Amino acid sequence: MRLHCRIPVKSTAYIKAGEAAAESEAAASVRGLKEILQSRPRDVLDFLIPIAVQSPMTLRNALLLETACAAAGDAIAHYMAKILHTIVGEMKILSKEEEAGAGARDREAIRETLQKSVQHVMSALPTSALDNCLYEIQVEISNELSAPNRSYGFFLLEQLVRYADLTESDEYVSTILKYILGGIGETDVEVLERVSAALGAALEMVDMAVLTEEIDFVRSCITSTVSDARHRADKKHIIDPTTGKLHLPFFSMRRAFDSMLALFNFGLMNGDAKTRVSSCYGISEILVLCDPASLKPYMSKLTGSLIRVSGDSNKFPAQLKEAILGTMCTCLEVGGAFLKAFAPQLQTTFIKGIK
């Protein structure tokens, strides 16, 4: 005898209605949490942050942290150090899990949520908290034992530049540039990518007129980093074995070199005589640090700018004319094969210089 059992099956519409109700309840909870955070941020954060930063972090806790960072306003600055260092640690855990092929979990969603948390923290920082924030970032980027810490430290620095309000805080620009340019001697590819991104953010977000005032300081930072790189234990990675010259991998990256050249080129074309001279020497100094093969896309544009400025020689003092000629000599030395099209103009310029 065959028994026929009818098991009731919930309709698709019923299931979707249940999911919608759950989502609606979650959204309402988030809205309620935000309202409480906005009215009594310190009381709630004292309870919430220790829960949200537990490691290894789940997607639920990551979303909880993002909500807190987004809604707490400048009160989040009191918890900034704990949040930033926890996020760096969790980013490292996520990367290690991916490399090891660990079991599935919401890694990408957690990573994106943590990145948003950083952005919210930086957006909410009052000017009075910038010193502390830069100190905490410096702790990460100066970690000699961990390239991942340095990489995520420069990520934090990029987010600070992009999302913090620096419009009335020009005094912090030199510190930011110092930290970024301290990383140009790195050899780890991921760290270099983060350094390049931070430099690109600075060129994008900070007024170029403000950056131009820092050109002498930028050159000093580059010189200091290059000196350190020459004496590092792993200098074999950045010394050209055929010529013995120091080549920093950073300056062979298109995005990185674009940023540095944009700064010096702006100073050359728009600064006063002193700034133009310094910009010329700055160009020379980064050219000799490049792998010559990486310079092909740049030499024509760079040489054209030098020739145009030289054409206005009557407006400028002898020091600038000398700097332009010296930079042209450097261009010929490191990328002469790429300058055949400019031979007549260069010849004319050098003849004028001799006269």
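Computed from a prediction, not measured in an experiment: that's the story for all the values here.

Rules behind the numbers
- Position numbers for residues start from 1 in each chain and track the written sequence from start to end.
- Residue-level local features of this predicted model are given only where pLDDT is at least 70; pairs of side-chain atoms are given and counted only at 80 or more, and the full residue set underlies all totals for whole chains, interfaces and linings.
- Just so you know, side-chain values use all the structure's heavy atoms and leave hydrogens and water out.
- Numbering goes from the N terminus for both helices and strands, where a helix is a DSSP run of H or I of at least four residues and a strand is a run of E of at least two.
- Note on classification: 1.4 Å probe, protein chains only; a residue is buried when its accessible area is under 20% of the maximum for its type, exposed when over 50%, partly exposed between these limits.
- pLDDT measures the predictor's confidence residue by residue and takes values from 0 up to 100.
- Only heavy atoms enter the contact rule, under which two residues are in contact if any of them lie within 4.5 Å.
- Any pair of nitrogen or oxygen atoms within 3.5 Å is treated as a polar contact; in protein, a donor-acceptor pairing is required on top of that, and neighbouring residues in sequence qualify only through side-chain atoms on both sides.
- In this analysis, the expected span of each helix is defined as 1.5 Å times one less than the number of residues it contains.
- Here the term patch refers to residues with relative accessible area over 30% and no salt bridge, with like charges joined within 9 Å and nonpolar side chains (Val, Leu, Ile, Met, Phe, Trp, Tyr) within 5 Å.
- Every accessible area reported is derived by Shrake-Rupley at a probe size of 1.4 Å, with residue values counting cover from the shown protein chains alone.
- Every case where a carboxyl oxygen of Asp or Glu lies within 4 Å of a side-chain nitrogen of Lys or Arg is listed as a salt bridge.
- We score Asp and Glu as negative and Lys and Arg as positive, and we do not count His or the chain ends.
- Every charge is mapped onto a representative atom, which is NZ of Lys, CZ of Arg, CG of Asp or CD of Glu.
- Here an axis means a line fitted to C-alpha atoms, over the contact stretch when the element is a helix, while the angle between two N-to-C directions is reported on a 0 to 180 degree scale.
- In these notes the angle categories are as follows: under 35 degrees is roughly parallel, over 145 is roughly antiparallel, 65 to 115 is roughly perpendicular, and the rest is oblique.
- Note on convention: the crossing is left-handed when the near helix lies turned anticlockwise from the far helix by less than a right angle, right-handed when the turn is clockwise.
- Polar here means any residue outside two lists: the nonpolar Ala, Val, Leu, Ile, Met, Phe, Trp, Tyr, Cys and Pro, and the charged Asp, Glu, Lys and Arg; Gly therefore counts as polar.
- We call a set of buried residues a nonpolar core when its members are Ala, Val, Leu, Ile, Met, Phe, Trp, Tyr or Cys and they connect through side-chain atoms within 4.5 Å of each other.
- A pair of Phe, Tyr and Trp rings is counted when the ring centres sit within 6.5 Å of each other, with Trp represented by its six-membered ring. The angle between the planes then sorts it: under 30 degrees is stacked, over 60 is edge-to-face, the rest tilted.

### A closer look at the environment of Ala81
Inference 1: Inspection of the secondary structure assignment puts Ala81 in helix α4 (residues 80-100).
Inference 2: For Ala81, a relative accessible area of 24% translates into the label partly exposed.
Inference 3: As for Ala81 and Asn132, which are separated by 51 residues in sequence, their C-alpha atoms are 8.2 Å apart.

### Comments concerning the confidence of the model for the chain
Inference 1: Confidence in the prediction of the chain, expressed as mean pLDDT, is 83, and 81% of residues score 70 or more.
Inference 2: Confidence drops under a pLDDT of 50 for residues 1-8, and excluding neighbours within four residues, the segment shows 0 contacts in the predicted structure.
Inference 3: Taken as a whole, residues 14-22 scores under 50 in pLDDT and shows 1 contact with residues more than four places along the chain or in a different chain.

### Topic: the side chain of Ser284
Inference 1: Note that Ser284 resides in helix α13 (residues 273-287).
Inference 2: On the basis of relative accessibility, which here comes to 11%, the residue Ser284 falls in the buried class.
Inference 3: Only 3.2 Å separates the side chain of Ser284 from the side chain of Thr327, close enough to count as a polar contact.
Inference 4: Among residues more than four places away in sequence, those in contact with Ser284 are Gly326, Thr327 and Thr330.

### Focus: unusual backbone geometry
Inference 1: Going from Ser55 to Pro56, the amide bond is cis rather than trans, its omega being -5 degrees.
Inference 2: With respect to the element layout, Pro56 can be found in the loop between α2 (41-52) and α3 (59-71).

### Quick look at helix α15 (residues 318-335)
Inference 1: With 18 residues, α15 ought to run about 26 Å at 1.5 Å a step, and its terminal C-alpha atoms sit 25 Å apart, in line with that.
Inference 2: The complete set of buried residues in α15 reads Leu320, Ala323, Ile324, Leu325, Thr327, Met328, Thr330, Cys331, Val334 and Gly335.

### Looking at a negative patch on the surface
Inference 1: Taken together, Asp131, Asp165, Glu168, Asp170, Glu171, Asp207 and Glu213 make up a surface patch of like negative charges.
Inference 2: With respect to the secondary-structure elements, Asp170 resides in the loop between α7 (147-163) and α8 (173-181).

### A word on the pattern of salt bridges
Inference 1: All chains considered together, the criterion is met by 9 salt bridges.
Inference 2: For Arg111, the salt bridge goes to Glu98, with nearest N and O atoms at 3.1 Å. With Arg111 in helix α5 (residues 107-124) and Glu98 in helix α4, the pair connects residues that are 13 residues apart, well separated along the chain.
Inference 3: Overall, Arg111 belongs to the buried group, its relative accessible area being 11%.
Inference 4: Classification of Glu98 as partly exposed rests on a relative accessible area of 40%.
Inference 5: The residue Glu108 makes a salt bridge to Arg111 at a minimum N-O spacing of 3.0 Å. Taken together, the residues span about one helical turn, with Glu108 and Arg111 both in helix α5 at a distance of 3 residues.
Inference 6: Under the relative-accessibility criterion, Glu108 is labelled partly exposed at 45%.
Inference 7: In the salt-bridge network here, residues are joined through shared partners; they are Asp216, Arg219, Lys274 and Glu285.

### Points about the environment of Arg105
Inference 1: Looking at the element boundaries, Arg105 is found in the loop between α4 and α5.
Inference 2: In sequence terms Arg105 and Thr58 are 47 residues apart; their C-alpha atoms lie 8.7 Å from each other.
Inference 3: Contact partners of Arg105, with chain neighbours within four places excluded, come to Pro56, Met57, Ile93, Leu94, Glu97 and Ile110.

### Observations concerning the packing of α4 against helix α6 (residues 130-141)
How two helices pack is summed up by the angle between their axes together with the distance between the axes.
Inference 1: Between α4 and α6, whose axes approach to 10 Å, the crossing angle comes to 25 degrees. Between α4 and α6, the interaxial angle falls into the category roughly parallel. For the crossing formed where α4 meets α6, the hand is right-handed. Mapping the contact onto sequence places Met80, Ala81, Leu84, His85 and Val88 in α4 and Asn132, Cys133, Glu136, Val139 and Glu140 in α6.
Inference 2: Each residue belonging to the contact of α4 with α6 can be placed in one class, and the counts come to 6 nonpolar, 2 polar and 2 charged.

### Section: the nonpolar core
Inference 1: Leu65, Leu125, Leu160, Ile222, Phe251 and Met260 are the most contacted members of the largest nonpolar core, which has 109 residues in total.
Inference 2: Excluding residues within four positions of it along the chain, Ile222 makes contact with Leu181, Ile184, Phe251, Met260, Phe264, Ile286 and Leu289.

### A look at the packing of aromatic side chains
Inference 1: For the coordinates displayed, the defined rule picks out 1 aromatic pair.
Inference 2: Between Phe250 and Phe251, the ring centres sit 5.3 Å apart and the planes meet at 85 degrees, which makes this aromatic pair edge-to-face. Accessibility assignment for this pair places Phe250 and Phe251 in one class, buried.

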